[in-house]
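Overview (structure and organization)
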Amino acid sequence: MTIATEGQAYIQTMIDILEKMLAHRRARPTVKSDELYYELLSKYYRQINRAREEEKFVMGHTVMAPIELFFAMDIVPLHLESTASTMAILLNRYGEFLDTARAYGLAPETCSAHRILTAGFIQQVLPRPDLILWTSQACDNTAKAGDALMEIYEAPGFFLDRPYRFIDRHVDYYRRQLAELVTLLEERTGQKLDLDKLREVVRNSLQVLNLYREIYQLRKAVPAPMRNRTLMNQLIIEWTYCGKPEGIKFFETVRDEVKENVQAGRGSVAYERHRILSLFLPPFYEYKLLDWMEREYGASIVMDPMSSWPMKIEVDPEGDPLEAVARITFYRVGSRLMHGPGDVFVEDCLNNAREFKADGALYFAHIGCRQACALIKNIKDTLAQELGLQTAVIDMDLMDPSFSSSDEIRNKLEEFFEMLED
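Sequence order sets the numbering: in each chain, residues are counted from 1 along the sequence as written. Two thresholds apply to this predicted model, a pLDDT of at least 70 for residue-level local features and 80 or more for giving and counting side-chain atom pairs, whereas whole-chain, interface and lining totals are computed over all residues. To obtain the side-chain values, all non-hydrogen atoms of the structure were included, while hydrogens and water were left out.

**Some remarks on the overall build of the protein chain**
Strands are runs of DSSP state E lasting at least 2 residues, helices are runs of H or I lasting at least 4, and numbering of each runs from the N terminus. If you tally the helices and strands in the protein chain, you get 18 helices and eight strands. Taking 2.2 N^0.38 as the reference for a compact globule, 422 residues should give roughly 22 Å; the C-alpha atoms of the protein chain span a radius of gyration of 21 Å, in line with that estimate. Based on the C-alpha atoms only, the size of the protein chain along its principal axes is roughly 65 × 50 × 45 Å. Put simply, the protein chain has 422 residues, and 60% of those count as buried. Every residue pair with non-hydrogen atoms within 4.5 Å of one another is taken to be in contact. A separation threshold of at least 6 residues defines the contact pool for the protein chain, and within that pool the share at least 24 residues apart is 78%. Only carbon and sulfur atoms are counted for the fraction: they give 48% of the accessible area of the protein chain, which is about 16,700 Å². With the radius of gyration taken over C-alpha atoms, the globule rule is written as 2.2 Å times the number of residues to the power 0.38. Between buried and exposed lies partly exposed: a residue is buried under 20% and exposed over 50% of the maximum accessible area for its type, with that area taken using a 1.4 Å probe on protein chains only. Exposure was quantified through the Shrake-Rupley algorithm and a 1.4 Å probe, taking into account, for residues, occlusion by the shown protein chains and nothing else.

So, in structure tokens, the structure goes:
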């Protein structure tokens, strides 16, 4: 089997599982956005599997890539970290992938999302992209990942160096890099970028991001109007559908659900006892912990860094669309917080704690993320000194259940909530 057909087989298995999950949601409905989430994921992977027969160019890209360019050029995006991680979860291949990465020479201190991605390439279970795009955001693991992936699949690649600060000359520097990427894509695909189409995609992106920000404002309500689990669904859809009408529909659906709860004075849990600030991503393999927190302790995650949109988005989609894409990059919260500078992250956490009336904070300390973990003491001390807020640091690995089991994480959470209640 070639890499292409091998990858298609595994992607098809993922599609089959996601469609079963969608059928389950429809048979036992919760909220409409849950159904839409699984519907869009299934559609995303079907597009990847159809790309070869439709003779479409496939762009394998890491997190925070400028996907607006791909949509404007009718290129099929393949979000590498998300696809590999979803495959590990749905097919229960954690151990196999992580063992492969270890044999390749990747240490446990390397982010497990990137270890699993690299293993997916080594095992040839991911489709071969026509081009690999990786960036300096949001972490140093991402910045190095592309070199290994290019070598394993013998595929061409392009590196985007996102500047550090959101100032005009850095935006211009990034815009020039995007222009170089467009030139390469035009050479590889044989088609010119339609600037009017790119403007349309940028308008869609801005609508998605403004909806995300509107949801952020609505979530300040007491009791918390959005379920803990929804924060992760939003993140994945923004990664994969920002710039598409489907992304707008999803975020409009979430917005309407949250707004309805706010207007009715209804919370996401029957009786809210704790309003929690989540300071990093929870383990991808155990979303059920988020449901358990709601059920057992009435604990609502009122805000998290990846949903924090305090900045008003100011981008002109009708002018230079490449500059608009460059500017959008600096607004995306994963880039703004994770890429630095660190004082932005600390100040944002402090403001969120105040504005969302948090009474405690959780820091899911992912061993493979040096950027986030380096800020733990600073954030914990700031929240304690400024607001008297207690922070529980939960040691875990984002994608490796063997590092810290679900039971271990649950026990630490129980201790924290009991301390809050005492």
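Don't stop here, the text continues.
**With respect to the environment of Gly388**
With respect to the element layout, Gly388 can be found in the loop between helix H17 (376-387) and strand E8 (391-396). Judged by relative accessible area, which is 54%, Gly388 ranks as exposed. Sequence separation between Gly388 and Gly360 is 28 residues; the distance between their C-alpha atoms is 9.2 Å.

**Re the packing of helix H8 (residues 168-189) against helix H13 (residues 321-331)**
Each axis is a line fitted through C-alpha atoms, and for a helix only the stretch in contact is used; angles between axes span 0 to 180 degrees, taken between their N-to-C directions. Closest axis-to-axis distance for the H8/H13 pair is 8 Å, and the angle between their directions is 120°. The orientation of H8 with respect to H13, classified from their angle, is oblique. Note on packing geometry: the crossing formed by H8 with H13 is right-handed. Contacts from Asp168, His170, Val171, Tyr174, Arg175, Leu178, Ala179 and Val182 in H8 reach Leu322, Glu323, Val325, Ala326, Arg327, Thr329 and Phe330 in H13. Comment on the angle field: the value is read as roughly parallel under 35 degrees, roughly antiparallel over 145, roughly perpendicular from 65 to 115, and oblique elsewhere. Each crossing is labelled by how the near helix is turned from the far one, with a counterclockwise turn of less than a right angle marking it left-handed and a clockwise turn marking it right-handed.

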